[in-house]
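Topology and contacts: notes
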Amino acid sequence: MSELFPWQQSMWQQLTANSQFAHAYLFYGHQGIGKRQFVECFAALLLCQKPQQKACGHCSSCRLLAAQTHPDFFHLAPEEEGKSIVIGQVRELVADIAQTAQQGGRQVVIVEPTEAMTLGASNALLKNLEEPSGSTVFLLVSDQISFLLPTIKSRCVLQKCTMPNNQQALDWLKSAKPDIQDNDLQAALALAGNSPLKALSLLELDVLAQYERVVEGVKKLFKQQVTASDLALAWAKIPQEWLINWFADWTQAILRFKLTQDMPLLETNSMFPVIKYLAEKTQLEPLIEVQNWLLDHRQKVLKRVPLRADLLFEGLLYRWLGLLARKN
């Protein structure tokens, strides 16, 4: 059974203070902050036959849930990672929850990630959110709440999930990876936007090495030691989400530094010299144009729009090179 993280304790107390629960909740927030674990704890509480402040862990319902055989617990998710939740899956779920709860209590449905639902699947689920059965509670989980239909959001109690502060995130990451030096842990947290579970995943995938490889490639590009086409081909196997996020973060940092001369968190980052140089050498208007292009394509990547990686990265690199072509 999942456990709460230290930064979730206050949110848990607020959510469970009332014994009366809504029929649908939407838990949203940054990826990698423990939303799934929190929702699993909440599902266990809702299904428990003898709940206190948390699920008891000992009743027949808790034992069935721990064994992953609870007949009144349902998890709606893509059948394959990176795929969509389709209307057929929702229809199958609807047929299942139309039956009476076998344990005599609630039925609980976790939908994750909610933004993976197709339009047809969203509309099919919406009908059940509008007219839920008396014993069913929907727990929707989203990393990208802006992608959801307004009608889905309006039928749920919205619960923004707590972000840890940097010390909480670092302490947890140290406990998970005690053999890794603090500077590497901090670097992983910076890449993960201070989301500790995402930082852990990045460390396990050796993303820091990939990041440094990309930074070195950008430096060689501006020194004319490599072409944009060569780099785009070399990076073709790097996940599009990683690269588009890195460049979006860098472009935002350039804009911030250009406007405020403020970039204390980046001074130890290997990309800092490039960011500082571009901030000094480029105009504001083209920077904003590049950032808008990046944000538009990041949405496409997150929505799983099929894009050829080499063409995406080549287009991005030529736009970055174009920043120096339009000097102050």
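Our structure's up above, just so we're on the same page.
Heads up: these notes are all about the structure in this document. (Residues numbered from 1 in each chain as written. Predicted model: local features only at pLDDT ≥ 70, side-chain atom pairs only at ≥ 80, totals over all residues. Heavy atoms only, no water.)

1. Topic: the packing of aromatic side chains
To be explicit about the condition: Between 30 and 60 degrees the pair is tilted, below 30 it is stacked and above 60 it is edge-to-face, where a pair is any two Phe, Tyr or Trp rings, Trp via its six-membered ring, whose centres lie within 6.5 Å. The helix count covers DSSP runs of H or I at least four residues long, the strand count covers runs of E at least two residues long, and both are numbered beginning at the N terminus. When accessible area is computed with a 1.4 Å probe and restricted to protein chains, residues below 20% of their type maximum are described as buried, those above 50% as exposed, and intermediate ones as partly exposed.
Following the criterion strictly, the structure yields 19 aromatic pairs and no others. An angle of 80° between the planes, with centres 5.5 Å apart, marks the rings of Trp12 and Phe38 as edge-to-face. Within this pair, whereas Trp12 is found in helix α1 (residues 9–16), its partner Phe38 is found in helix α2 (residues 35–47), the two being separated by 26 residues in sequence. As far as burial versus exposure is concerned, Trp12 and Phe38 are alike and both buried. Here the aromatic rings of Tyr211 and Trp246 are separated by 5.1 Å at their centres, their planes lie at 85°, and the arrangement is edge-to-face. One end of the pair, Tyr211, is in helix α10 (residues 207–222); the other, Trp246, is in helix α12 (residues 240–260), and 35 residues separate them in sequence. Here the two residues Tyr211 and Trp246 agree in accessibility, since each one is buried. Taken together through their ring pairs, the aromatic side chains of Tyr211, Phe222, Trp235, Trp242, Trp246, Phe247, Trp250 and Trp320 make up a single cluster.

2. So, the packing of α10 against α12
To keep it simple, the criterion reads: Lines are fitted to the C-alpha atoms to define the axes, a helix being fitted only along its stretch in contact, and any angle between axes, read from their N-to-C directions, falls within 0 to 180 degrees. The labels follow the angle: roughly parallel below 35 degrees, roughly antiparallel above 145, roughly perpendicular from 65 to 115, and oblique for the rest. Should the near helix be turned anticlockwise from the far one by less than a right angle, the crossing is left-handed, and should it be turned clockwise, the crossing is right-handed. Two residues form a contact once any of their heavy atoms are found within 4.5 Å.
At a minimum axis distance of 12 Å, the contact between α10 and α12 shows a crossing angle of 60°. One way to sum up the angle between α10 and α12 is to call them oblique. In the crossing of α10 with α12, the sense of the turn from one axis to the other is right-handed. Taking contact as the criterion, the partners of Val207, Gln210, Tyr211, Val214, Val215 and Val218 in α10 are, on α12, Trp242, Leu243, Trp246, Phe247 and Trp250.

3. Points about the state of the cysteines
Among covalent bonds in proteins, the disulfide is the one between the sulfur atoms of two cysteines. Note the cut-off: The disulfide criterion used throughout: a pair of cysteine sulfur atoms within 2.5 Å.
Evaluated as defined, the whole model comprises zero disulfides. Cys62 provides the cysteine sulfur closest to Cys41, a residue in no disulfide bond, and the two sulfurs are 11 Å apart. Here Cys41 falls in the buried class, since its relative accessible area comes to 9%. Of the cysteine sulfurs around Cys56, a residue in no disulfide, the closest is that of Cys48, at 3.5 Å.

4. Things to note about the sheet that holds strand β3 (residues 107–111)
Worth spelling out the cut-off: Criterion used throughout: strands pair if DSSP finds at least two bridges between them.
The strand order across the open sheet formed by five strands is β2-β3-β4-β1-β5, and the pairing between neighbours is parallel. Sheet topology places β2 (73–76) and β5 (157–160) at the edges, where each strand pairs with a single neighbour. Pairs of neighbouring strands in the sheet enclose a mean axial angle of 20°, with direction left out of account. Here five bridges tie β3 to strand β4 (residues 136–142), and the two strands are oriented parallel to one another. Within the sheet, the bridge partner assigned to Gln107 lies in β4 and is Thr136. Contacting β2, β3 and β4, helix α4 (residues 87–97) crosses the sheet at an angle of about 170° to β2.

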